[in-house]
Amino acid sequence: MRTDTPVVPREVPPVPASEMVKAFIGDLARPFAIISTSFAASWATIVIAGKVENGNDGAIFAGAYFLGVGTLYLGKAVEAINQTRARRDVDMANVNAGNPTP
């Protein structure tokens, strides 16, 4: 099983199963939150569509919806960029120290 959280089950001393479960749940938490928020917003769009009386109400709701969901995806993209930069910096430091990573 590959996770984003670095847990090596064959460490000395061995990593307890609780740490592996914690890493697995941690890796699932953010994608689940993004997917469930997107689903809830799309469901709200369907419900609100039948209740609005004019285009202004719908436009206000759509703006709030896209702002909220867009913020989640933007945050995830920024996090991915920062992780890539940090990984690059570590790899560059390893190469400069004379021990490149595989």
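Note that the coordinates shown come from a computational prediction; the quantities given were computed from them, not determined experimentally.

Turning our attention to the pattern of salt bridges. Side chains that differ in sign of charge can pair as their charged atoms come close. For the structure on display, the rule yields 3 salt bridges. Linking E79 and K76 is a salt bridge whose minimum nitrogen-to-oxygen distance equals 3.7 Å. With E79 and K76 both in helix α2 (residues 55-97) and 3 residues apart, this pair spans about one turn of that helix. Given the relative accessible area of 22%, E79 is considered partly exposed.

Per the stated rule, a full pass over the model turns up 2 aromatic pairs. Ring centres of F61 and Y65 lie 6.4 Å apart, and the angle between their planes is 15°; this geometry places the pair in the stacked category. In this pair, F61 and Y65 are both assigned in helix α2, 4 residues apart and thus about one turn of the helix distant. For F61, a relative accessible area of 23% puts it in the partly exposed group. You can call Y65 partly exposed: its relative accessible area is 21%. Counting every residue linked through ring pairs, the aromatic cluster contains F61, Y65 and F66.

This part takes up the side chain of S38. With respect to the helices and strands, the residue S38 is situated in helix α1 (residues 17-49). When near neighbours in sequence (up to four residues on either side) are disregarded, S38 contacts V69 and Y73.

Turning our eyes to something else, we now look at a nonpolar patch on the surface. A cluster of nonpolar side chains, contributed by V21, F24, I25 and L28, occupies part of the molecular surface with about 360 Å² of accessible area. Along the chain, I25 turns up in helix α1.

Rules of the game
Starting from 1, residues in each chain are numbered consecutively following that chain's sequence as written. Local features in this predicted model are restricted to residues of pLDDT 70 or higher, and side-chain atom pairs are both shown and tallied only at a pLDDT of 80 or more, whereas totals for entire chains, interfaces and linings draw on every residue. By convention in this description, side-chain values take in all heavy atoms of the structure and omit both hydrogens and water. One side-chain nitrogen of Lys or Arg within 4 Å of one carboxyl oxygen of Asp or Glu is enough to make a salt bridge. Secondary structure elements are taken from DSSP: a helix is a run of H or I of four residues or more, a strand is a run of E of two residues or more, and numbering for both begins at the N terminus. In this scheme, a residue with accessible area under 20% of its type's maximum is buried, one over 50% is exposed, and one in between is partly exposed, where area comes from a 1.4 Å probe on protein chains only. What counts as a ring pair is set by centres within 6.5 Å for rings of Phe, Tyr and Trp (its six-membered ring), and what kind of pair is set by the plane angle: stacked under 30 degrees, edge-to-face over 60, tilted for all other angles. Contacts are assigned to residue pairs that have any heavy atoms within 4.5 Å of one another. Patch membership is restricted to residues that have no salt bridge and whose relative accessible area is over 30%. Joining uses 9 Å for like charges and 5 Å for the nonpolar side chains Val, Leu, Ile, Met, Phe, Trp and Tyr. Per-residue and other accessible areas were derived by the Shrake-Rupley procedure at a 1.4 Å probe size, with only the shown protein chains allowed to occlude residues.

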